[in-house]
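Coordinates in review
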Amino acid sequence: ASKLGRAMISIASHGEGDRSGYLEVVRNCIMLQRCLVQAMDFSDSPLLQLPHVRSVPKGAPSFSEVLKSPEPSLLKRLGNFTEQQVLDIQSFCQHLPMVELS
């Protein structure tokens, strides 16, 4: 899935012809690759990528909020995690690469 995703992104970003919508195509390719790798649907919340998160309750923080500050008080809005699970989520957030498209 990873090679396929990279190839699709490469073709979309370096292709010839009308390039007016290429950024949207690249974003969609990245989303498809995420869905394939994470075994997620397009409509699933990105929060489901976090370890130990099985569902997203109403009033949950956004994915970016959790990544910026994965404090235990913020994580309580996602669920009741053990101390070890909180550490797992914090470790995940520290190691996740931050990519910004413009």
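Let me begin by describing the structure that accompanies this report. This one's a predicted model, so the numbers in the text were calculated from it and none came from an experiment.

So, on to helix H5 (residues 83-95). Helical periodicity: at 3.6 residues per turn, an α-helix aligns residues three or four positions apart in one direction. End to end, H5 covers 19 Å across 13 residues, agreeing with the expected 18 Å (1.5 Å per residue, within 8%). Those residues of H5 not exposed but buried are Val 86, Ile 89, Gln 90 and Cys 93. One face of H5 carries all of its buried residues, which in axial projection span an arc of 100 degrees.

What follows is about the layout of surface pockets. Quantified by volume, the largest pocket comes out at close to 750 Å³. Every element with two or more residues in the lining of the largest pocket is listed here: helix H2 (22-38) and helix H3 (63-68). Tallied by class, residues from the lining of the largest pocket come to 12 nonpolar, five polar and three charged.

Turning our eyes to something else, we now look at a nonpolar patch on the surface. Taken together, the side chains of Leu 4, Leu 36 and Val 37 present a nonpolar region at the surface, about 280 Å² in accessible area. Looking at the element boundaries, Leu 36 is found in helix H2.

Right, let's talk about the environment of His 52 for a bit. Among the structural elements, His 52 can be located in the loop between H2 and H3. Note on His 52: relative accessible area 27%, which makes it partly exposed. Placed 33 residues apart in sequence, His 52 and Gln 85 show a C-alpha to C-alpha distance of 6.8 Å. Each residue touching His 52, except ones within four places of it in the same chain, is listed here: Phe 81, Gln 85 and Asp 88. Of the polar contacts made by the side chain of His 52, one reaches the side chain of Asp 88; its length is 2.7 Å.

How each quantity is defined
- Residues numbered from 1 in each chain as written.
- Predicted model: local features only at pLDDT ≥ 70, side-chain atom pairs only at ≥ 80, totals over all residues.
- Heavy atoms only, no water.
- Helix = DSSP H or I, 4+ residues; strand = E, 2+ residues; numbered from the N terminus.
- Expected span 1.5 Å × (residues − 1).
- Buried < 20%, exposed > 50% of the residue type's maximum accessible area, 1.4 Å probe, protein only.
- Arc of directions from axis to C-beta.
- 1 Å grid on protein atoms, 1.4 Å probe; cavity = no way out; pocket = protein on both sides within 12 Å on 5 of 7 lines; lining within 4 Å.
- Points joined across faces, edges and corners; volume = space filled by probe spheres on them.
- Nonpolar A, V, L, I, M, F, W, Y, C, P; charged D, E, K, R; others polar.
- Patch = residues over 30% accessible without salt bridge, like charges linked within 9 Å, V, L, I, M, F, W, Y side chains within 5 Å.
- Areas by Shrake-Rupley, 256 points an atom, 1.4 Å probe, with all protein chains shown as cover.
- Salt bridge = Lys/Arg side-chain N within 4 Å of Asp/Glu carboxyl O.
- Contact = heavy atoms within 4.5 Å.
- Polar contact = N/O pair within 3.5 Å; in protein donor to acceptor, adjacent residues only side chain to side chain.

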